[in-house]
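# Observations on the model geometry
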Amino acid sequence: MYDPVQLRTFLTVAQTLSFTQAAGRLGVRQSTVSQHVRRLEEVTGRPLFLRDTHSVELTEDGEAMLGFARTILEAHERAAAFFTGTRLRGRLRFGASEDFVLSRLPEILEGFRHEHPEVDLELSVELSGTLHERLDAGRLDLVLAKRRGPGDERGRLVWRDRMVWIGAEGLRVDPERPVPLIVFPPPGITRARALEVLEREGRAWRIACTSGSLSGLVAAARAGLGVMAHTRGLIPPGLVRVGGLPELGPVEFALLRGPRASPAAEALVAAVLSGADRLTRSG
């Protein structure tokens, strides 16, 4: 009833919230992406996206289709792996951004390990800036990290979002006093963005807490020590958006491969891309 090609296109649009970006990732024309989505909507009899010239958003039925599409595609991939009879082997050094510590990335990695038990997967969790440095130095084979900023188009786009200010519920930032910041140490990309935005707007700031772990930053934020810049779709429980501060702008997460792209790395890229919508959903 449901065409796997159309379902894969649907998931890619849901992850990027852009028909243009989805076309680029899939290597097809934008008109083909639109056609796949339209045909899937015809089969379901429901609109899956709300779209205009400026934005793309999932409808309630589109949210429901995410789980169905993922289950169908995973079944297809398991069947294909079984009948091709190929077994991947070797060592794969994978780095993931601290942003995903509280996400459902472990579920994606668990599925990959189940499908490829003979791949020795080594996971490193670091700041995005550190992951970029380790990849460039040849110490990692594949990373899932923030892009460094506007103009950085390296790697395969996984999904895009916006950065927002978050803090404890009820926290108010006094406009007459320096903004208390909770930040990663350098070379944190989020840290650099927060400081750049505040400097550009002429807002005074002070460092209230520095930690190399997301759990440390979250603890400080829950204690009301200050505000932190964070990806909108990954806001940890117990924290909320804080207003009255300059806009932080968009953020993009991408998969970047080292110079030696192994079959195991390609398989993990496919697994992350097919499950990318789970990265920003806790349920």
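Look above for the structure.
Let me begin by describing the structure that accompanies this report. (Residues numbered from 1 in each chain as written. Predicted model: local features only at pLDDT ≥ 70, side-chain atom pairs only at ≥ 80, totals over all residues. Heavy atoms only, no water.)

### Points about helix α1 (residues 4-16)
In this model, α1 (13 residues) spans 18 Å end to end at C-alpha, consistent with the 18 Å of a helix rising 1.5 Å per residue. For α1, a buried count of 10 out of 13 residues is recorded, marking the element as mostly surrounded by other parts of the structure. Residues Gln6, Leu7, Thr9, Phe10, Leu11, Thr12, Val13, Ala14, Gln15 and Thr16 constitute the buried set of α1. A side-chain oxygen of the first residue of α1 lies 2.8 Å from the backbone nitrogen of Val5; this N-cap is Asp3. Note on α1: the residue one or two positions beyond its end, Leu17, has a positive phi of about 50°. (Helix = DSSP H or I, 4+ residues; strand = E, 2+ residues; numbered from the N terminus. Expected span 1.5 Å × (residues − 1). Buried < 20%, exposed > 50% of the residue type's maximum accessible area, 1.4 Å probe, protein only. Polar contact = N/O pair within 3.5 Å; in protein donor to acceptor, adjacent residues only side chain to side chain.)

### Some thoughts on the nonpolar core
Of all hydrophobic cores here, the largest spans 42 residues; its most connected members are Leu144, Val158, Trp165, Leu255 and Leu268. Where this core is concerned, the elements lending two or more residues are β3 (90-97), α5 (105-115), β5 (142-146), β6 (156-168), β7 (179-183), α7 (189-200), β11 (250-257) and α9 (263-274). Tallying contributions element by element places α9 first for this core, with 8 residues. Excluding its chain neighbours within four sequence positions, the residues that come into contact with Val158 are Gln15, Thr16, Arg25, Leu144, Phe253, Ala254, Leu255, Val272, Leu273, Ala276 and Leu279. Within the second largest apolar cluster, 19 residues are counted, among which are Ala23, Val37, Phe49 and Ala69. (Core = buried A, V, L, I, M, F, W, Y, C linked by side-chain atoms within 4.5 Å. Contact = heavy atoms within 4.5 Å.)

### Some remarks on the packing of α1 against helix α3 (residues 30-44)
The description of two helices packed together rests on the angle between their axes and the distance between the axes. Where α1 meets α3, the axes come as close as 9 Å, and the angle between the chain directions of the two elements is 110°. With respect to each other, α1 and α3 are oriented roughly perpendicular. Along the contact surface, α1 presents Val5, Gln6, Leu7, Thr9, Phe10 and Val13, while α3 presents Val33, His36, Val37, Arg39 and Leu40. Class assignment for the residues of the contact of α1 with α3 results in 7 nonpolar, 3 polar and 1 charged. (Axes fitted to C-alpha atoms, helices over the stretch in contact; angles between N-to-C directions. Parallel < 35°, antiparallel > 145°, perpendicular 65-115°, else oblique. Nonpolar A, V, L, I, M, F, W, Y, C, P; charged D, E, K, R; others polar.)

### Points about the packing of aromatic side chains
The tally for this structure, following the rule as stated, stands at 5 aromatic pairs. Taking the centre distance of 5.4 Å and the plane angle of 50° together, the rings of Phe10 and Phe49 count as tilted. Of this pair, Phe10 sits in helix α1 while Phe49 is found in strand β1 (residues 49-51), placing the two residues 39 residues apart along the sequence. The residues Phe10 and Phe49 share a single accessibility class, namely buried. Through a chain of ring-to-ring contacts, the aromatic side chains of Phe10, Phe19 and Phe49 assemble into a single cluster. (Phe/Tyr/Trp six-rings, centres within 6.5 Å; stacked < 30°, edge-to-face > 60°.)

### Examining the pattern of salt bridges
Considering all chains together, one arrives at 15 salt bridges under this definition. Among the salt bridges present, the one from Arg147 reaches Glu252, with a minimum N-O distance of 2.8 Å. On the criterion of sequence distance, the pair formed by Arg147 in the loop between β5 and β6 and Glu252 in strand β11 is long-range, its members being 105 residues apart. Judged by its relative accessible area of 10%, Arg147 falls in the buried class. Through salt bridges that share partners, Asp136, Arg148 and Arg154 make up one connected network. (Salt bridge = Lys/Arg side-chain N within 4 Å of Asp/Glu carboxyl O.)

### Section: the environment of Arg232
Mapped onto the fold, Arg232 is located in the loop between β9 (228-231) and β10 (239-241). Look at Arg232 and you get partly exposed, because its relative accessible area is 37%. Considering only alpha carbons, one finds Arg232 and Trp165, 67 residues apart in sequence, at a separation of 8.5 Å. Among all residues touching Arg232, those that are not within four sequence positions of it are Asp161, Arg162, Val164 and Arg241. At a separation of 3.0 Å, a polar atom in the side chain of Arg232 contacts the side chain of Asp161.

### Some words on a nonpolar patch on the surface
A cluster of nonpolar side chains, contributed by Val101, Leu102, Leu123 and Val125, occupies part of the molecular surface with about 330 Å² of accessible area. For Val101, the location among the structural elements is in the loop between β3 and α5. Residue Val101 is classed as partly exposed on the basis of its relative accessible area of 40%. (Patch = residues over 30% accessible without salt bridge, like charges linked within 9 Å, V, L, I, M, F, W, Y side chains within 5 Å. Areas by Shrake-Rupley, 256 points an atom, 1.4 Å probe, with all protein chains shown as cover.)

### Quick word on the side chain of His230
Along the chain, the position of His230 falls in strand β9. His230 sits in the buried class, given a relative accessible area of 3%. If we ignore the near neighbours within four places in the chain, the residues touching His230 are Asp99, Arg162, Met163, Val164, Ile166, Leu214, Ile235 and Pro236.

### Observations regarding unusual backbone geometry
Only a minority of non-glycine residues have a phi that is not negative, and only a minority of peptide bonds are not trans. Pro187 follows Pro186 through a cis peptide bond whose omega is 5°. Looking at the element boundaries, Pro187 is found in the loop between β7 and α7.

### Considerations on the side chain of Thr190
Residue position: Thr190 is located in helix α7. You can call Thr190 buried: its relative accessible area is 8%. Discounting chain neighbours no more than four positions away, the residues touching Thr190 are Lys146, Met163 and Ala229.

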